[in-house]
Amino acid sequence: MTEAFLTNPLVIFDLDGTLVDTAPDLMDSLNHTISAVGLEPVTFDDVTYLVGQGVKVMISRAFELRKTHLDDETAAKLFDRFMEHYRAHMPGKSTVYPGTIACLERLAGAGIQLAVCTNKLEELAFPLMDQLGLTSHFQVITGGDSFAVRKPDAGHILGTIERAGGEASKALMIGDSINDILAAKNAGIPSIAVSFGYSHVPAAELEPTLVIDSFDELTPALVEKLFAQS
Ligand SMILES: O=C(O)COP(=O)(O)O
Ligand SMILES: [Mg+2]
């Protein structure tokens, strides 16, 4: 119910590994990319190490995994190769996690504002969200290149809150990786870690305010409780 809140709270979602299971496509495009230089394909087990800091970091980490040097010129070429492949196959096998849409509708119905704060580049995040029918649920979507900094820098979250017309004292971050939880801590806001994403350690070890195993658990009452505690 809208009157549950005096000011409009803002719930900020991460994208990859939180709203959308993008790993199969990220891995397909990454393997297509690194095959150009003969690097051995990565596997699904590597996802938690590779994903979280955007495309450039993902490519450089694949080279680290294979103990191979990556020079700047090759990195630039491989970045273009990744972008072309990922864009061409979008939305591919990526799916919205179960219970997500119902959760977004439940929160919005209670007068909660919704935003996305992803390290994915805008030119990938925006069309992917469009194609999965997610865009209209959010007031604001910011990507890894929307500001001069990105998660885990507080500036990414604070910039998202500002664009949404929200207040840090009434904002909550929900994500799957250390970058999300650290960014929330750096911004001084509570956080929820989802246990089903691409974290390299169990969600509880990220030390969020709370861990959830499904969006079915995320209710307006829970959001209100977290603000009351913080
Ligand atoms: O694309 C990435 O590496 C991370 O994206 P995310 O911030 O939405 O998890
Ligand atoms: Mg993520």
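Residues numbered from 1 in each chain as written. Chains lettered and ligands numbered in written order. Predicted model: local features only at pLDDT ≥ 70, side-chain atom pairs only at ≥ 80, totals over all residues. Heavy atoms only, no water.

Going by the annotation in an unreviewed UniProt entry, the name recorded for the chain is Phosphoglycolate phosphatase, with Neorhizobium alkalisoli given as the source organism. For the record of the chain, the UniProt heading Sequence similarities (unreviewed entry) holds the text "Belongs to the HAD-like hydrolase superfamily. CbbY/CbbZ/Gph/YieH family." (UniProt positions renumbered as here; feature names shortened; annotations may be inferred.)

A.B. asks: Looking at this structure, I do not really get the pattern of salt bridges. What am I missing?
C.D. replies: Taken as a whole and judged by the stated rule, the model has 6 salt bridges. Here E73 makes a salt bridge to K77, at a shortest N to O gap of 3.4 Å. Note that E73 and K77 are positioned in helix 4 (residues 72–89) at a spacing of 4 residues, about one turn of the helix. Overall, E73 belongs to the exposed group, its relative accessible area being 57%. Of the residues examined, K77 reaches a relative accessible area of 54% and is grouped as exposed. The salt bridge partner of R87 is E123, with a shortest N-O separation of 2.3 Å. Remark: E123 occurs in helix 6 (residues 122–131) and R87 occurs in helix 4; sequence separation between them is 36 residues. Under the relative-accessibility criterion, R87 is labelled partly exposed at 38%. Among the residues examined, E123 registers a relative accessible area of 42% and is labelled partly exposed. Where salt bridges share partners, they join D14, K151 and D180 into one cluster. (Salt bridge = Lys/Arg side-chain N within 4 Å of Asp/Glu carboxyl O. Helix = DSSP H or I, 4+ residues; strand = E, 2+ residues; numbered from the N terminus. Buried < 20%, exposed > 50% of the residue type's maximum accessible area, 1.4 Å probe, protein only.)

A.B. asks: Quick question: what am I supposed to make of the confidence of the model for the chain here?
C.D. replies: Low pLDDT marks regions whose predicted coordinates should not be analysed in detail. Of the residues in the chain, 97% reach a pLDDT of 70 or more, and the chain-wide mean stands at 95. This prediction of the complex comes with two scores: 0.95 for pTM and 0.97 for ipTM. (pLDDT = per-residue confidence, 0-100.)

A.B. asks: Just checking my understanding: could you explain the environment of F227 for this structure?
C.D. replies: Summarising the element assignment, F227 is placed in helix 9 (residues 220–229). Spatially, the C-alpha atoms of F227 and P190 are 7.6 Å apart, while their sequence positions differ by 37 residues. Setting aside residues up to four positions removed in sequence, F227 forms contacts with P9, L10, S169, K170, A171, L172 and P190. (Contact = heavy atoms within 4.5 Å.)

A.B. asks: Quick question: what am I supposed to make of the site of ligand 1 here?
C.D. replies: Around ligand 1, the neighbouring residues are D14, L15, D16, V51, G52, Q53, G54, T118, N119, K120 and K151. In this structure, D16 approaches ligand 1 through a side-chain N or O atom, which is 2.7 Å from an oxygen atom. Between ligand 1 and the protein, one listed contact pairs an oxygen atom with a backbone N or O atom of G54 at 2.8 Å. Protein contact buries 96% of the 280 Å² of open area that ligand 1 shows by itself. In terms of residue class, the shell around ligand 1 is made up of 2 nonpolar, 5 polar and 4 charged. When residues of the shell around ligand 1 are assigned to domains, at least three fall in each of domain 1 (2–22 + 94–229) and domain 2 (23–89). (Near = heavy atom within 4 Å. Polar contact = N/O pair within 3.5 Å; in protein donor to acceptor, adjacent residues only side chain to side chain. Areas by Shrake-Rupley, 256 points an atom, 1.4 Å probe, with all protein chains shown as cover. Nonpolar A, V, L, I, M, F, W, Y, C, P; charged D, E, K, R; others polar. Domains from an automatic or database assignment.)

A.B. asks: What's the story with unusual backbone geometry in this structure? I'm lost.
C.D. replies: A negative phi angle characterises most non-glycine residues, just as the trans form characterises most peptide bonds. Looking along the chain, the bond that leaves M90 and enters P91 is cis, with omega of 0 degrees. Looking at where P91 falls in the secondary structure, it is placed in the loop between helix 4 and strand 3 (95–96). One non-glycine residue, K67, lies in the positive phi region at around 50 degrees. Relative to the elements of secondary structure, K67 occurs in the loop between helix 3 (54–65) and helix 4. Phi angles above zero are rare outside glycine, and E207 is one such case at about 55 degrees.

A.B. asks: What am I meant to see in the coordination of the magnesium ion (ligand 2) here?
C.D. replies: When a metal carries six donors in an octahedron, the ideal angles between them are 90 or 180 degrees, while four donors in a tetrahedron ideally lie at 109.5 degrees. Taken together, the protein ligands of the magnesium ion (ligand 2) are D14 (OD), D16 (O) and D176 (OD), with distances of 2.1 to 2.2 Å. In primary-sequence terms, the residues that donate to the magnesium ion (ligand 2) follow D-x1-D-x159-D. You can see D14 sitting in the loop between strand 1 (10–13) and strand 2 (20–21) and its partner D176 sitting in the loop between strand 6 (171–175) and helix 8 (178–187), a full 162 residues away along the chain. No difference in accessibility class separates D14 from D176, as the two residues are buried. (Donors = N, O, S within 2.8 Å, 3.2 Å for Na, K, Ca; no water.)

A.B. asks: Which parts of the structure should I look at to understand helix 5 (residues 100–109)?
C.D. replies: Since the α-helix packs 3.6 residues into each turn, any two residues three or four apart lie on the same face. Within helix 5 the residues assigned to the buried category are T100, C103, L104 and L107. For helix 5, the angular spread of the buried residues around the axis is 100 degrees, confining them to a single face. In helix 5, the exposed positions angled more than 90 degrees off the buried face are occupied by E105 and G109. Where helix 5 is buried, its residues meet strand 1, strand 3, strand 4 (113–117) and helix 9. Residue G111 follows helix 5 closely and has a positive phi angle near 85 degrees. (Arc of directions from axis to C-beta.)

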